[in-house]
Amino acid sequence: MAAIYSLYIINKSGGLIFYKDYGSAGRMDTNDSLRLASLWHSMHAISQQLSPTLGCSGIELLEADTFDLHCFQSLTGTKFFVVCEPGTQHMEGLLKVIYELYTDYVLKNPFYEMEMPIRCELFDINLSQAVQKDRVALLGR
């Protein structure tokens, strides 16, 4: 069973710009993935406003019985979140690696338009390698 179920990248407006499924049992259709991304964006924004802590950056981890959701928000407001098996450790590091890949292969691509869906072959290839490397590291722990 895969440790990572799926990866989402949401632009600062709450639009889903990238979705990748990694073999979860119940694959979602496009509309469901769009709804989940929009819901997460809204929950994240509300949590920032309702937090009693000053400077709160929003929800970083949501733990449920059947999955964990880890989130990383960049300084530009782009959110990266991974849905994974409950109790999976070190997802923050993977999210930062994914962010680095995003900056290297998507933002530096002269044909990419900001806030639009990501269609970049080099990003896809390097993302697959990073996730595979993380899976191997998780099995070795």
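The written sequence of each chain sets the order in which its residues are numbered from 1. Local features are withheld for residues below a pLDDT of 70 in this predicted model, meaning they are given only at 70 or higher, and side-chain atom pairs are given and counted only at 80 or more; totals for whole chains, interfaces and linings count all residues. Based on all heavy atoms of the structure, the side-chain values leave hydrogens and waters out of the count.

Student: So, the layout of surface pockets: which residues are in play, and what are the values?
Tutor: Put plainly, a pocket is an open set of points on a 1 Å grid over the protein atoms alone with protein on both sides within 12 Å along at least five of seven lines, a cavity is a set where a 1.4 Å probe fits but cannot get out, and a lining residue has an atom within 4 Å of a point. Grid points are joined across faces, edges and corners, and a volume is the space filled by probe spheres set on the points. Counted as a void, the largest pocket has a volume near 310 Å³. Considering the residues around the largest pocket, the lining is formed by 20 residues, among which Ile17, Phe18, Tyr19, Lys20 and Arg119 are closest to the centre. Starting at the N terminus, helices and strands are each numbered in turn, a helix being any DSSP run of H or I of at least four residues and a strand any DSSP run of E of at least two. No other element matches the five residues that strand 2 (residues 16-21) contributes to the lining of the largest pocket. Under this grouping Gly is polar, as are all residues other than the nonpolar Ala, Val, Leu, Ile, Met, Phe, Trp, Tyr, Cys and Pro and the charged Asp, Glu, Lys and Arg. Among the residues forming the lining of the largest pocket, the class breakdown is eleven nonpolar, three polar and six charged.

Student: Residue-level account of the pattern of salt bridges, with values.
Tutor: Every case where a carboxyl oxygen of Asp or Glu lies within 4 Å of a side-chain nitrogen of Lys or Arg is listed as a salt bridge. Throughout the structure, instances matching the rule amount to two salt bridges. Across the pair Asp32 and Arg35 runs a salt bridge, and its minimum N-O distance is 2.5 Å. Pair noted here: Asp32 and Arg35 are both in helix 1 (residues 30-50), with a separation of three residues, about one helical turn. Using a 1.4 Å probe on the protein chains alone, a residue whose accessible area is under 20% of its type maximum counts as buried, one over 50% counts as exposed, and one in between counts as partly exposed. A residue is classified by how much of its surface remains accessible, and Asp32, at 31% relative accessible area, is partly exposed. By relative accessible area, Arg35 is classed as exposed at 52%. The salt bridge involving Asp104 is made with Lys108; its shortest N-O contact spans 3.3 Å. Taking the relative accessible area as the measure of exposure, Asp104 reaches 38% and is therefore partly exposed.

Student: Could you give an account of unusual backbone geometry, naming the residues involved and the relevant values?
Tutor: For His90, which is not a glycine, the phi torsion comes out positive at approximately 65°. In this structure, His90 sits in the loop between strand 5 (79-84) and helix 2 (91-107). By relative accessible area, which is 46% here, His90 ends up partly exposed. Positive phi is not limited to glycine here, since Glu115 has a value of about 70°. Following the sequence through the fold, Glu115 ends up in the loop between helix 2 and helix 3 (121-140).

Student: I'd like a description of the nonpolar core, backed by residues and values.
Tutor: Grouped together as the largest cluster of nonpolar side chains are 23 residues, with contacts concentrated most on Tyr102, Ile118, Phe123 and Leu127. Mapped by element, the contributors of at least two residues to this core are strand 1 (4-10), strand 2, strand 5, helix 2 and helix 3. It is helix 2 that provides the largest number of residues to this core, a total of seven residues. With residues up to four places along the chain from it excluded, the contact list for Phe123 reads Ile9, Phe18, Ile98, Leu101, Tyr102, Tyr105, Val106 and Ile118. Residues grouped as a nonpolar core are buried Ala, Val, Leu, Ile, Met, Phe, Trp, Tyr and Cys residues, joined through side-chain atoms within 4.5 Å. Contact definition: two residues touch when any of their heavy atoms are within 4.5 Å.

Student: Mind laying out the state of the cysteines, listing which residues take part and the relevant values?
Tutor: In this description, a disulfide is simply a cysteine sulfur pair whose atoms lie within 2.5 Å. Summed over all chains, the structure comprises zero disulfides. Looking at Cys56, it has no disulfide partner, and the nearest cysteine sulfur is the one in Cys71, 11 Å off. A residue is classified by how much of its surface remains accessible, and Cys56, at 28% relative accessible area, is partly exposed.

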